[in-house]
Amino acid sequence: MFFYIKRFWKENSIVFLLMLITGVCQTVAGVLTAYALNALIEFDYQSFFIILLIILGVYFVFLLFMNFEINKQSQTMQMMSTTIRMDMTERMERASYSGFHEKQVGTYASWLSTDINTIETHGFDQFYAVVKGVIATFTAIIGLFVFHWSIVLWTLLISGLTLLLPKMYQKKLANVSLKTTEEGEHFLSRITDVLNGFDTLFSFNLLKKITTDTEKASLVLAKAKNKRASIIAKVAILGALGNIFGQLSILGLTGYLAFLSVVSVGAFSATGNLASTVFNTVGNLSQQIASFQSVGPIFDKFEKIKSRSQQVNQKIDQVDSGIILKNMSYAYGDKQVLEHINQVFDLGKKYAIVGASGSGKTTLLNILNGKLTDYTGSIIFNGYELNALSGYDLREAILYLDQQPYLFDGTIRDNITLGESFTDEEIMLALEQSSLQEVVAQLPNGIDTSIGESGRLLSGGQKQRVTLARGLIRGKQIILLDEGTSSLDQKSALEIEESLMSQKDLTVIMITHHLREEIKEKLDDVLRLSSQ
Ligand SMILES: Nc1ncnc2c1ncn2[C@@H]1O[C@H](COP(=O)(O)OP(=O)(O)OP(=O)(O)O)[C@@H](O)[C@H]1O
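Computed from a prediction, not measured in an experiment: that's the story for all the values here.

Side note on the overall build of the protein
1) Next: Within the protein one finds 19 helices and nine strands.
2) Next: A total of 532 residues make up the protein; the buried ones form 34% of that total.
3) Next: Relative to all contacts within the protein whose residues are 6 or more apart in sequence, the contacts with residues 24 or more apart total 81%.

In structure tokens, the structure reads:
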């Protein structure tokens, strides 16, 4: 957390300066009340009212700067939160494929929302409260010096005790805070999971599962939160005890000094006021310090996303030869899935992969796409071993269309460009190549029609064609199609497959369960996988 506070040191320094100004105003107003009371005791009404007017002016300045302080503090905190979010998503950008998938998407969503919220409320807010408190205490102690050194000494002594007592709960609080954020992640993952299954539960008349799962997850989260609250309560009670004892003893000491005529009677009201600032601050300080220290483990958690290997891999400048598999085998742990596969996929040619369910068709495409790199034997692509090639360059050359294409909540254009810039002509050509132009022509706003969350407004086949257009517009030379046309009706499926087959320069490797005669004759080869 301090890393971000330092990173925005200029903005934070302004916040601290504003806190100093408001702190000084409060102390000056506090000290002036003693003079007002003294004037009153001496029946000097003129001085009394003049001092009251000055106090009023001081409070006006205080309110003015408090306004600046609150605004600047919020702006600075939001800048830091946005930067933390960006640092997190940049980590995700650098993550390896398997590293990213070690956690559920709901967990990352929780990091970006709930955890940032926790960092703001338990971290930054409390940090600012501590700094503000320390500044207010510092100015109040200077104010107390105006009256008598013994009041300052006593204040410091009790403050030290008040600070030390709750320390014994510090470690416990850090642990329960981490546990609470972890339970927050599980909660979000469970909820995302069950809500994503709405359609399935609907068709089974089991929507009640949404409520029961939410209740279960919510109770676990509530337990963790209650545990955290009970430790915070203990810390707060210890702080409050010090606060009450401190304030009362200062009043007693000032009263005694006034009795001895060491300080004026007016000092009684001012020291009470200033000491309450000190003890209120110190009473809350340990809880606040413990609170902002407890967000440390949350930052440690973010560091754990596994990055892609930094090793410099072979670049692909231009794809000029195909893929050759020599005795290639693959196993998931002990489970052998592919064994001694020999196959050549030449550039510009068309291939089908067939085989029973579970025979390893998808696994093979995941290897060719660079997601799974720990195969044995050899796969030569463009003259180099496939797992020595830069994954980035590999994905620039190869488009992988998986069984469940993902569409973003946006327009057809958004889903094809994915934020990159393409002309309308390029988009229309890609739509034509994926047999989508007629569908788009009938939409109210053409390519700018919104297709809803996960492309709900499109049929399964149309969704697959949009994802195909994404790849074609980027001029990918090799297309890996995993059941790519399975959810299309016969006619549309044939249209796409024929369209792909007719593109002379395109290398197509497609997994299929329905090898249609019309397509079979256009294929250069069929790779048959058998179950191990
Ligand atoms: N991540 C994984 N970890 C362990 N085993 C896996 C993993 N992914 C797949 N498998 C197993 O590997 C085998 C091959 O799976 P794969 O998905 O490649 O088969 P497939 O031929 O594409 O099947 P289908 O035609 O049903 O899609 C299956 O037995 C599957 O259970």
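This is not the end of the story, as more comes after the structure.
Examining the environment of Phe49
1) Next: Assignment of secondary structure puts Phe49 in helix H3 (residues 45-94).
2) Next: Sequence-wise, Phe49 and Ala36 are 13 residues apart; in three dimensions their C-alpha atoms are separated by 7.9 Å.

Thoughts on the site of the ligand
1) Next: Taken together, Tyr332, Lys335, Val337, Gly355, Ser357, Gly358, Ser359, Gly360, Lys361, Thr362 and Thr363 make up the full set of residues near the ligand.
2) Next: Where the shell around the ligand is concerned, the elements lending two or more residues are strand S2 (335-345) and helix H12 (361-368).
3) Next: The element contributing the most residues to the shell around the ligand is H12, with three residues.
4) Next: For the shell around the ligand, a count of residues per class yields two nonpolar, seven polar and two charged.

Digging into the packing of helix H15 (residues 424-433) against helix H17 (residues 460-473)
1) Next: Orientation of H15 relative to H17, taken along the N-to-C sense of each, is 125°, at an axis distance of 8 Å. Here H17 runs oblique to H15, going by the angle between their axes. Judged by the twist between their axes, the crossing of H15 over H17 is right-handed. Here Glu426, Ile427, Ala430, Leu431 and Gln433 of H15 lie close against H17, whose contacting residues are Ala469, Leu472 and Ile473.

Observations concerning the UniProt feature "transmembrane region" (unreviewed entry) in the protein
1) Next: The positions that UniProt labels "transmembrane region" (unreviewed entry) are, in the present scheme, residues 12-36, 48-70, 127-145, 151-169 and 231-250.
2) Next: Helix makes up 100% of residues 48-70 and strand makes up 0%, while its end C-alpha atoms are separated by 32 Å.

Observations concerning the pairing of strand S8 (residues 507-511)
1) Next: Burial of S8 is extensive: five of the five residues sit out of reach of the surface.
2) Next: Covered by surrounding structure in S8 are Thr507, Ile509 and Ile511 together with Val508 and Met510, the residues of both alternating faces.
3) Next: Sheet topology places strand S3 (residues 350-355) next to S8; four bridges connect them, and they run parallel. Note that in S8 the partner of Ile353 across the bridge is Ile511.

Quick word on the sheet that holds strand S1 (residues 323-332)
1) Next: Overall, antiparallel pairing links the four strands, which are arranged S2-S1-S4-S5 in an open sheet. Among the strands making up the open sheet, the edge pair consists of S2 and strand S5 (384-385).
2) Next: Across two bridges, strand S4 (residues 376-381) lies against S5 in antiparallel orientation. Across the sheet, Ile380 pairs through a bridge with Glu385, a residue of S5.

Structural notes on the nonpolar core
1) Next: Counting residues in hydrophobic clusters, the biggest one holds 51 residues, and the most contacted among them are Ala469, Ile479, Leu480 and Val508.
2) Next: If one sorts the elements of this core by residue count, H17 sits on top with five residues.
3) Next: Excluding residues within four positions of it along the chain, Ile479 makes contact with Leu399, Leu401, Gly471, Leu500, Leu506 and Val508.
4) Next: Counting 44 residues, the second largest nonpolar core, distinct from the first, contains Val15, Ala34, Ile51 and Val263.

Some words on the confidence of the model for the protein
1) Next: Per-residue confidence for the protein gives a mean pLDDT of 85; residues scoring 70 or more make up 96%.
2) Next: Least confident of the elements in the protein is helix H18 (residues 490-502), whose mean pLDDT is 73; most confident is S1, at 93.
3) Next: Scored as a complex, the prediction yields pTM 0.66 and ipTM 0.97.

Things to note about the packing of helix H5 (residues 105-145) against helix H7 (residues 170-196)
1) Next: Relative to each other, H5 and H7 sit at 140°, their axes nearing to 8 Å. In terms of their interaxial angle, H5 and H7 are classed as oblique. Here H5 and H7 pass one another in a crossing that is right-handed. Contacts between H5 and H7 involve Val105, Gly106, Thr107, Ala109, Ser110, Thr114, Asp115, Thr118 and His122 on the former and, on the latter, Ser177, Thr181, Gly184, Glu185, Leu188, Ser189, Thr192 and Asp193.

Describing the sheet that holds strand S9 (residues 525-529)
1) Next: Taken in spatial order, the five strands of this open sheet run S6-S7-S8-S3-S9, and their pairing is parallel. Of all the strands in the sheet, the pair left with one neighbour each is strand S6 (398-401) and S9. The sheet shows a mean angle of 15° between the axes of neighbouring strands, direction not considered.
2) Next: The sheet contacts of H12 involve S3, S6, strand S7 (478-482), S8 and S9, and relative to S7 the element is tilted by about 155°.
3) Next: In the packing of H17 onto the sheet, the strands contacted are S6 and S7, and the crossing angle to S6 comes to about 170°.

Re unusual backbone geometry
1) Next: The phi dihedral of Asn327 falls on the positive side, at around 50°, and the residue is not glycine.
2) Next: You can call Asn327 exposed: it has 11 C-beta atoms within 10 Å.
3) Next: Phi angles above zero are rare outside glycine, and Asn382 is one such case at about 55°.
4) Next: Structurally, the position occupied by Asn382 is in the loop between S4 and S5.

Remarks on H17
1) Next: A rise of 1.5 Å per residue sets the reference length of H17, with its 14 residues, at 20 Å; its end C-alpha atoms lie 20 Å apart and thus fit the reference within 8%.
2) Next: Of the residues flanking the end of H17, it is Gly475, one or two places downstream, whose phi is positive at about 60°.

Focus: the environment of Asp87
1) Next: Along the chain, Asp87 falls in helix H3.
2) Next: Its 13 C-beta neighbours within 10 Å are what place Asp87 among the partly exposed residues.
3) Next: Along the chain, Asp87 and Phe302 lie 215 residues apart, while their C-alpha atoms are 9.4 Å from each other.

Observations regarding H7
1) Next: The end-to-end C-alpha separation of H7 is 39 Å, in line with the 39 Å expected for 27 residues at 1.5 Å each.
2) Next: Every buried residue of H7 is accounted for by Leu173, Val176, Ser177, Thr180, Thr181, Glu183, Gly184, Glu185, Phe187 and Leu188.
3) Next: Among the structural elements, H5, helix H9 (208-259), helix H10 (267-293) and helix H11 (296-302) are those in contact with the buried residues of H7.

Criteria and cut-off values
- Residues numbered from 1 in each chain as written.
- Predicted model: local features only at pLDDT ≥ 70, side-chain atom pairs only at ≥ 80, totals over all residues.
- Helix = DSSP H or I, 4+ residues; strand = E, 2+ residues; numbered from the N terminus.
- Buried ≥ 20, exposed ≤ 12 C-beta atoms within 10 Å, placed from the backbone.
- Contact = placed C-beta atoms within 7 Å.
- Near = placed C-beta within 6 Å.
- Nonpolar A, V, L, I, M, F, W, Y, C, P; charged D, E, K, R; others polar.
- Axes fitted to C-alpha atoms, helices over the stretch in contact; angles between N-to-C directions.
- Parallel < 35°, antiparallel > 145°, perpendicular 65-115°, else oblique.
- Left-handed = near helix turned anticlockwise from the far one by under 90°.
- UniProt positions renumbered as here; feature names shortened; annotations may be inferred.
- Pairing = 2+ DSSP bridges.
- Core = buried A, V, L, I, M, F, W, Y, C linked by C-beta atoms within 7 Å.
- pLDDT = per-residue confidence, 0-100.
- Expected span 1.5 Å × (residues − 1).

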